[in-house]
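Residue strings, one per chain:
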Amino acid sequence: MKLNKKGEILMENVLFIVLNIIFISILIFFLFKQGSGAVLLEQTYSKQIALMIDSAKPAMEIKLNLEKAQKIAEENKIDFKEAVSITGNVVNVKLSQKGGYEYSFFNDVEAKAFPEKNENNEYTGIYVFTINKK
Amino acid sequence: MRIKNKHGAEKIISIYWFAILIIIAGSVVAMVSLFYGMPYDVREQEANIMINQVSNCLSENGKLNQKLFSEDKTFNENFNLKEECSLIFETEFENSIGEYFLEADFYNLNNGPKGVSQRDDFIKPSFGVKVFELSEGNFNLKTDCKIAEGEKEYKRLSKCVDREFYSLDSENQVYRINILSAIRKTEKNVK
C-alpha cells in the first residue's frame, strides 16, 4: 500500500512537470512566432529601407541582408524578386499573399532595388539598392 | 476520511492551478500582441536625417552655399529649398495635407548684441539677429512643435527636431543656422 502511494505521487509530479514544460514551450513558441511574423518584418524592412534611402547619396550602391524576409517570403510562396519594390518615393515590402507595407522617403533620388544572385542563379538573401540622381 | 479530504483538496488546487495558467498565458499573449501591434516610430530618426541633408546642402566645408546669395550679396529670396536640397514631400498617404515641414533660420552673429559677462576679458557670443529664413512643407505642423515643447509628450502630434550649426559666408561673416524639421506620418508611426 505504501509503495503504491509513493508511485502515485511520483507520477503526479512527473505529469505536473511535463505539463508545465509544454505550457512554457507553447508560450516561447508564440513569442518567437510573433517576433518574426510577416506583418512585423514588412513594417520593419520598409521603414529601414526608406531611412536608408533618405540618408543615401547619389551614385551609392547599398547591400542589405534580407535573409529573414527571404525565408518568410518563400514560406508564403512569394517570389523574393517581388518582396521589395520602389515606386516613385514609396518603398513597398510584401512578404505574404495578403500583406504589404508601404513607407515613403523624402530624398529626391532615383532608387532601384533588386535581389542578388549567386553563380547558380539562386537568391543569396541580399538585396541591392542603387541610388542615382534624378 | 482524512485521505478522502486530501484528494478533494488536491483536485481544488489543480483547478486553481489550471486557472492561474490560463490567466498567465492570457496576459502574456495580450502583452506581446500589444507590444508587437504598436508600429515602430521612426519619425525622430527621419527628421534627423532630413536636417543632416539640409545642413549639407546649405553649407559645405563650413562655408554657406553660394546660391543662398544673390549678386548684390544679400540673401536670395528665390532659393528653392526642396529643389536645391533634393527633397520630395509627396507621401504614400492619399489626400495627404502634407506630412513634412522644414524651416531654416539664419542669424547673423556679427551684427547682434553681445552679452558681456562680469569678467571684462570674456565676451559671450551673441545669439545674433535673424536675417533670413527658408521654409517648405505644411506650415501647420509648426504649431505641433510648440505644443510638444510642454512637459507632456503628445504622441499623435508631429515629431519635431530642432538643431543648429555655424557657418561663414564669402566675407567671413559668422551665421548661426537653426533648422527645424517636423514630420507627421502619424498613421504609420503611432497607434
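All values derive from a computational prediction rather than experimental measurement.

**Some words on the sheet that holds strand E6 (residues 123–133) of chain A**
Residue and element names in this part refer to chain A.
Move 1: Read across the sheet, 3 strands follow the order E1-E6-E5 without closing on themselves; strand pairing throughout is antiparallel. One side of each edge strand has no neighbouring strand; the edge strands of this open sheet are strand E1 (60–65) and strand E5 (109–117). Within this sheet the neighbouring strands show an average axis-to-axis angle of 25°, counted without direction.
Move 2: Of the strand pairs in this sheet, E5 and E6 are connected by 8 bridges, and their pairing is antiparallel. Across the sheet, Ala111 pairs through a bridge with Ile131, a residue of E6.
Move 3: Running over the sheet, helix H2 (residues 38–54) touches E1, E5 and E6 and is turned about 35° from E6.

**Re the interface of chain B and chain A**
Move 1: On the side of chain A, 21 residues touch chain B, which itself brings 23 residues to the contact.
Move 2: Of all the secondary structure elements, the ones that give two or more residues to the side of chain B that touches chain A are helix H1 (2–37) and helix H2 (43–58) of chain B.
Move 3: Broken down by element, the residue count for the side of chain B that touches chain A peaks at 6 residues, all from H1 of chain B.
Move 4: Partitioning the side of chain B that touches chain A into residue classes produces 15 nonpolar, 4 polar and 4 charged.

**Here's the deal with the nonpolar core**
Move 1: Among the nonpolar cores identified, the biggest contains 50 residues, and Ala69, Ala83 and Leu95 of chain A together with Val54 of chain B are the most heavily contacted of them.
Move 2: When near neighbours in sequence (up to four residues on either side) are disregarded, Val54 of chain B contacts Cys85, Leu102, Ala104 and Ile179 of chain B.

**Observations regarding H2 of chain A**
Move 1: Between the first and last C-alpha of H2 of chain A there are 24 Å, a value that for 17 residues agrees with the 24 Å anticipated at 1.5 Å per step.
Move 2: Here H2 of chain A has its buried residues at Ala38, Leu41, Glu42, Gln43, Tyr45, Ser46, Lys47, Ile49, Ala50, Ile53 and Asp54 of chain A.

**Section: the environment of Glu102 of chain A**
Move 1: Relative to the elements of secondary structure, Glu102 of chain A occurs in strand E4 (residues 101–104).
Move 2: For Glu102 of chain A and Glu42 of chain A, which are 60 residues apart along the polypeptide, the C-alpha to C-alpha distance reads 8.6 Å.

**Examining helix H3 (residues 67–75) of chain A**
Residues and elements named next belong to chain A.
Move 1: Among the residues of H3, Ala69, Gln70, Ile72 and Ala73 are the ones counted as buried.
Move 2: In this structure, the buried residues of H3 make contact with H2 and E6.
Move 3: Looking at the residues trailing H3, positive phi occurs at Lys77, about 55°.

**As for the domain arrangement of chain A**
Move 1: Along its sequence, chain A is carved into domain 1 (1–35) and domain 2 (38–133).
Move 2: Distance between the C-alpha centres of domain 1 of chain A and domain 2 of chain A: 44 Å.

**What to know about the pairing of E6 of chain A**
All names here are of chain A.
Move 1: Note: E1 against E6, 6 bridges, orientation antiparallel. Residue Met60 lies in a different strand from E6, and its bridge partner there is Ile131.
Move 2: In textbook terms, the turn of a hairpin is the stretch between consecutive antiparallel strands, and for E5 and E6 this stretch comprises 5 residues, one of which, Asn121, has a positive phi near 60°.

**Overview of the sheet that holds strand E3 (residues 90–93) of chain A**
All names here are of chain A.
Move 1: Ordered by their spatial adjacency, 3 strands build an open sheet running E2-E3-E4, and the pairing between neighbours is antiparallel. Among the strands making up the open sheet, the edge pair consists of strand E2 (84–87) and E4. The average angle at which neighbouring strand axes cross in this sheet is 20°, direction not considered.
Move 2: As judged from the 4 bridges shared by E2 and E3, these two strands associate in the antiparallel manner. Its bridge partner lying in E3, Thr87 is registered against Val90.
Move 3: Helix-sheet contacts for H2 involve E2, E3 and E4, and the interaxial angle to E4 is about 20°.

The rules behind the values
Residues numbered from 1 in each chain as written. Chains lettered and ligands numbered in written order. Predicted model: local features only at pLDDT ≥ 70, side-chain atom pairs only at ≥ 80, totals over all residues. Pairing = 2+ DSSP bridges. Helix = DSSP H or I, 4+ residues; strand = E, 2+ residues; numbered from the N terminus. Axes fitted to C-alpha atoms, helices over the stretch in contact; angles between N-to-C directions. Contact = placed C-beta atoms within 7 Å. Nonpolar A, V, L, I, M, F, W, Y, C, P; charged D, E, K, R; others polar. Core = buried A, V, L, I, M, F, W, Y, C linked by C-beta atoms within 7 Å. Buried ≥ 20, exposed ≤ 12 C-beta atoms within 10 Å, placed from the backbone. Expected span 1.5 Å × (residues − 1). Domains from an automatic or database assignment.

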